[in-house]
Amino acid sequence: MSGADMKLVVVGAAGRMGQTLIRTIHAMTGARVFAAVERPGSPFVGRDAGEIAGLGPIGVPVTDKPLEAFVDAEGVLDFTSPAASVEFSVLSAQARIVHVIGTTGCSESDEEKFKAAGRHARIVKSGNMSLGVNLLGVLTEQAARALGPDSWDIEILEMHHKHKVDAPSGTALLLGQSAAKGRDIDLAEQSVRVRDGHTGARPTGTIGFATLRGGSVIGEHSVILSGEGEQVTLSHSATDRSIFARGAVTAALWARDRKPGFYSMLDVLGLS
Ligand code: NAD
């Protein structure tokens, strides 16, 4: 550990991503776990964050007081819930620090609040923090542009573990946005999120989503471009949550010396 290590707060420290973040920061150079936060009432408050993550004690007790944790920190890594992330973005703006948001299922009004917080905080938000998925987004945009809507239909298929609470996944929506950008259309107006019963034929130019849930799947995504007599599939499989955690720490380190603003992983990875 060095004095120049970036001081990071992990919020949602006892969650699947929170524990992965604590293990990942511990194994990386350039950053350290400065504080760990859980929701009030969580049975993990007061316990050592390293012990919860399976590392053994690291001398960081989990607190339910985010403001106190943020005051002397440099960045917050946040994979929690939309309501919690909005609250943390306000506190990050007050503390004028970096806020990396991986939480998915956020509404348009939540997104407006994150952008407002970006006037004072350095916010990096993405539905997927991995290098592979962000590259897949760029490839999807190119493919959607090259394979036009009159002959090629775009469907996005995803599967996640049975505990996931939002659908389609943030990653599926990210890929949908990339396809829509390539086609120069508005995803909200052209997406088909559910099909059931007598749906009629597929409307030309739409982007369809299909969602599977089960077991312990970390994240499977395919973008299927289906034409007459041929099909192109671009896909990504996540086999370890540490890809998202490493991406989040990389984003925090990248944003450390940036101006306040609202950034994406494409900015962090130089893919924008
Ligand atoms: P999880 O349910 O295992 O963990 C969430 C944690 O947040 C829980 O421990 C919960 O107690 C805590 N929490 C909720 N409200 C809180 C509050 N107000 N203060 C402090 N802690 C609070 O969920 P997970 O699988 O870790 O996923 C969390 C989020 O991250 C989901 O939205 C998921 O879709 C998203 N996710 C994003 C990426 C990405 O790369 N962007 C990758 C994986 C998961």
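Structure's up top.
Bear in mind the structure is a predicted one, so any value in this text is a computation, not a measurement.

A.B. asks: Let's hear about the pattern of salt bridges: which residues, and what values?
C.D. replies: This model, assessed by the stated rule, comprises ten salt bridges. For aspartate 153, the salt bridge identified is with arginine 202, shortest N-O distance 3.4 Å. Taken together, the residues span a long stretch of sequence, with aspartate 153 in strand β7 (residues 153-160) and arginine 202 in the loop between β8 (191-192) and β9 (207-213) at a distance of 49 residues. Under the relative-accessibility criterion, aspartate 153 is labelled partly exposed at 27%.

A.B. asks: So what about the environment of threonine 80? Which residues, and what values?
C.D. replies: Relative to the assigned elements, threonine 80 resides in the loop between β4 (75-78) and α4 (82-95). Here threonine 80 falls in the partly exposed class, since its relative accessible area comes to 31%. Not counting chain neighbours up to four residues away, the residues in contact with threonine 80 comprise Val11, Gly12, Ser85, Phe88 and Thr103. Only 2.7 Å separates the side chain of threonine 80 from the side chain of aspartate 78, close enough to count as a polar contact.

A.B. asks: Tell me what's going on with the sheet that holds β4, and back it up with residues and numbers.
C.D. replies: With respect to topology, seven strands assemble into an open sheet ordered β3-β2-β1-β4-β5-β6-β12, the strand pairing being parallel. If you trace the sheet from one side to the other, it starts and ends with β3 (62-63) and β12 (261-263), each paired once. Where strand β1 (residues 6-11) and β4 come together, four bridges link them in parallel fashion. Along β4, the bridge assignment pairs valine 10 with leucine 77. Seen against the sheet, helix α9 (residues 242-255) touches β1, β2 (31-37), β4, β5 (98-101), β6 (122-125) and β12 and runs at an angle of roughly 150 degrees to β5.

Definitions and limits used
Within each chain, residue numbers correspond to sequence positions counted from 1 in written order. Local features in a predicted model are, by the rule used here, given only for residues with pLDDT of at least 70; side-chain atom pairs are given and counted only at 80 or more, and totals for whole chains, interfaces and linings are based on all residues. Remark: hydrogens and water are excluded; side-chain values derive from all non-hydrogen atoms of the structure. In the sections that follow, a salt bridge refers to a side-chain nitrogen of Lys or Arg positioned within 4 Å of a carboxyl oxygen of Asp or Glu. Helix and strand labels come from DSSP, where a helix needs a run of H or I of at least four residues and a strand needs a run of E of at least two; each type is numbered from the N terminus. With a 1.4 Å probe rolled over the protein chains alone, any residue whose accessible area is under 20% of its type maximum counts as buried; one over 50% counts as exposed, and the rest are partly exposed. Contact between two residues is taken to exist if any of their heavy atoms lie within 4.5 Å; hydrogens are not considered. Each polar contact in these results corresponds to two N or O atoms within 3.5 Å; when the atoms are within protein, one needs to be able to donate a hydrogen and the other to accept it, and residues that are neighboring in sequence are counted only if both atoms are side-chain atoms. Only when DSSP finds a minimum of two bridges between them are two strands counted as paired. To obtain an axis, a line is fitted to C-alpha atoms, over the contacting stretch when the element is a helix, and the angle between two such axes runs from 0 to 180 degrees between their N-to-C directions.

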